[in-house]
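# Topology and contacts: notes
If you want the building blocks of each chain, they are given just below.
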Amino acid sequence: MSEHDFSSLHVVTHPLLQHKLSLMRDRKTPPILFRQLLREISLLLGYEVTRDLPLTTERIETPLVEMEAPVLACPLSIVSILRAGLGMAEGLQQLIPSAREGHIGLYRDPETKKPHEYFLKLPENPGRVLLVDPMLATGGSAAHAVDVLLRNGIAREDLRLVTLVCAPEGVQVFAKAHPDVPIYTAALDEKLNEKAYILPGLGDAGDRLFGTL
Ligand SMILES: O=P(O)(O)OC[C@H]1O[C@H](OP(=O)(O)OP(=O)(O)O)[C@H](O)[C@@H]1O
Ligand SMILES: O=c1cc[nH]c(=O)[nH]1
Ligand SMILES: [Mg+2]
């Protein structure tokens, strides 16, 4: 991938999703509504990111006849980057109740902007994995999380990154590290500020979700 290639990025432009994202960006939106909107947007993003899930068939009986009915061919797991990823996992769990769940605890050091890992628990036989975190800023956290998943035996082709807002800088860093991992997002924003926060962005997603501002 060249330095400014955004080919692995899928921006979901559904009007409902864009309207809800604007509500989330508004500084006046309180944590309870922020959480509800993140859950609703994640459902809409989830619909797009699962579009290419493989299907097989199972023989079932309707009340009238037997049929070969389409069913998902492989397990699916949602892996959240803590803390803010939890808000997205809530919506995706509603969409895919059979999904397994994993967690990678990361926080970004305010000085170095590098991710620090403090927790890891992944499901066995995860199948297709949706890695979720609303913010892709420098890209360090998401790139690190994919490294962790690969080290734990998950195949690159089974991975999708699902985010809410991306900075161009973060997309470049992530795509350079993991060019074959598609990114699904609701917005590609303008840039990072000097503290590596996304502009216009929505602030600190974890703090707004959990009311820890
Ligand atoms: O792309 P990056 O520059 O790595 O930044 C993005 C990370 O920052 C936020 O987490 P944060 O470190 O604030 O932790 P939190 O979710 O516990 O608030 C966000 O949820 C991402 O994980
Ligand atoms: O804008 C940003 C950047 C990193 N983490 C966030 O939560 N927001
Ligand atoms: Mg945070």
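Everything discussed here concerns the structure shown above.
Here goes a summary of the coordinates provided. (Residues numbered from 1 in each chain as written. Chains lettered and ligands numbered in written order. Predicted model: local features only at pLDDT ≥ 70, side-chain atom pairs only at ≥ 80, totals over all residues. Heavy atoms only, no water.)

## Some points on the overall build of the protein
Just so we agree on the cut-off: Under the scheme used here, helices are H or I runs from DSSP no shorter than 4 residues and strands are E runs no shorter than 2 residues, and both carry numbers assigned from the N terminus. Put simply, the radius of gyration uses C-alpha atoms, and a globule should come to 2.2 Å times the residue count raised to 0.38. Each residue is placed in one exposure class: buried if its accessible area under a 1.4 Å probe, protein chains only, is under 20% of its type's maximum, exposed if it is over 50%, and partly exposed if it falls in between. Under the convention used here, a 1.4 Å probe and the Shrake-Rupley method define accessible areas, while residue burial counts only the protein chains that appear. When charges are counted, Lys and Arg are positive and Asp and Glu negative, with His and the chain ends excluded. The atom standing in for a charge is NZ when the residue is Lys, CZ when it is Arg, CG when it is Asp and CD when it is Glu.
Along the protein, the regular secondary structure elements total 6 helices and 14 strands. Its C-alpha atoms give the protein a radius of gyration of 18 Å, near enough to 17 Å, the size a compact globule of 213 residues would have. Summarising its shape, the C-alpha atoms of the protein cover approximately 65 × 35 × 30 Å along the three principal directions. A buried classification covers 46% of the 213 residues belonging to the protein. For the protein, the exposed area adds up to about 10,900 Å²; of that, 55% sits on carbon and sulfur atoms. In the protein, the 22 positive side-chain charges and the 27 negative ones have mean positions that sit 5 Å from each other.

## Details of the coordination of the magnesium ion (ligand 3)
Defined as follows: Excluding water, the donors of a metal are its N, O and S neighbours within 2.8 Å, or within 3.2 Å for Na, K and Ca, and that exclusion means sites may look incomplete.
Here the magnesium ion (ligand 3) is held by the protein donor atoms Asp204 (OD) and Asp204 (OD), which lie 2.4 to 2.7 Å from it. With respect to the secondary-structure elements, Asp204 resides in the loop between strand S14 (198-199) and helix H6 (205-210).

## Here we look at the pattern of salt bridges
How we decide: Criterion for a salt bridge: a side-chain nitrogen of Lys or Arg within 4 Å of a carboxyl oxygen of Asp or Glu.
Here the structure, examined in full by the defined rule, presents 12 salt bridges. Residue Arg25 is joined to Asp189 by a salt bridge in which the shortest nitrogen-to-oxygen separation is 2.8 Å. Residue Arg25 is located in helix H1 (residues 15-25), and its partner Asp189 is located in the loop between strand S12 (187-188) and strand S13 (191-192); the two are separated by 164 residues in the primary sequence. Overall, the relative accessible area of 24% leaves Arg25 in the partly exposed class.

## Considerations on helix H4 (residues 140-151)
Quick reminder of the rule: Expected span of a helix: the number of residues minus one, times 1.5 Å.
Look at H4: 16 Å from first C-alpha to last across 12 residues, which is about the 16 Å you get at 1.5 Å a residue. Of all the positions in H4, only Ser141, Ala142, Ala143, Ala145, Val146, Val148 and Leu149 are classed as buried. Downstream of H4 by one or two residues, Gly153 has phi in the positive range, about 90°.

## Looking at helix H2 (residues 31-49)
Just so we agree on the cut-off: Residue contacts are counted whenever heavy atoms from the two residues lie within 4.5 Å of one another.
Spanning 19 residues, H2 covers 26 Å between terminal C-alpha atoms, matching the ideal 27 Å at 1.5 Å per step. Taken residue by residue, H2 has Phe34, Leu37, Leu38, Ile41, Ser42, Leu45, Gly46 and Val49 as its buried positions. In this structure, the buried residues of H2 make contact with H1, helix H3 (85-95), strand S7 (128-132), strand S9 (159-162), strand S11 (183-185) and H6.

## Structural notes on the site of ligand 2
Threshold: Only a single heavy atom is needed: when it lies within 4 Å of a molecule or strand, its residue is near that molecule or strand. The term polar contact refers here to a pair of N or O atoms within 3.5 Å; inside protein, the definition further demands a hydrogen-donor-capable atom paired with an acceptor-capable atom, and it admits residues adjacent in sequence only when both atoms are side-chain atoms. In this classification, the charged set is Asp, Glu, Lys and Arg, the nonpolar set is Ala, Val, Leu, Ile, Met, Phe, Trp, Tyr, Cys and Pro, and all remaining amino acids, among them Gly, are polar.
Surveying the vicinity of ligand 2 reveals the residues Arg108, Met135, Ala137, Ala196, Tyr197, Ile198, Gly203, Asp204 and Ala205. Taking Gly203, its main chain carries an N or O atom lying 2.8 Å from a nitrogen atom of ligand 2. Starting from 240 Å² of accessible surface for ligand 2 in isolation, the protein chains cover 88%. Across the shell around ligand 2, the residue classes break down as 6 nonpolar, 1 polar and 2 charged.

## Quick look at the packing of H2 against H3
To keep things clear, this is the line we draw: Structural elements are reduced to axes, namely lines fitted to C-alpha atoms, with helices fitted over the stretch in contact, and the angle between N-to-C directions of any two is expressed from 0 to 180 degrees. Our angle categories are set so that under 35 degrees counts as roughly parallel, over 145 as roughly antiparallel, 65 to 115 as roughly perpendicular, and the remainder as oblique. Handedness of a helix crossing follows the sense of rotation of the near helix relative to the far helix, less than a right angle counterclockwise being left-handed and clockwise being right-handed.
It is the contact of H2 with H3, at a shortest axis distance of 7 Å, that shows an interaxial angle of 50°. By the criterion of interaxial angle, the relationship of H2 to H3 is oblique. The two elements H2 and H3 cross, and the hand of that crossing is right-handed. Every residue of H3 that contacts H2 at Arg35, Leu38, Arg39, Ser42, Leu43, Leu45, Gly46 and Tyr47 is listed here: Gly87, Met88, Glu90, Gly91, Leu92, Gln94 and Leu95.

## Things to note about the site of ligand 1
Residues in contact with ligand 1 amount to 17 residues; listed here are only the nearest, Arg83, Arg108, Asp133, Thr138 and Ser141. Protein coverage of the free-state accessible area of ligand 1, which is 500 Å², stands at 91%. Sorting the residues of the shell around ligand 1 by element identifies strand S4 (76-82), strand S5 (100-108), strand S8 (135-136) and H4 as the ones contributing at least two each. Top contributing element to the shell around ligand 1 by residue count: S5, with 3 residues. Taken together, the residues of the shell around ligand 1 break down into 8 nonpolar, 5 polar and 4 charged.

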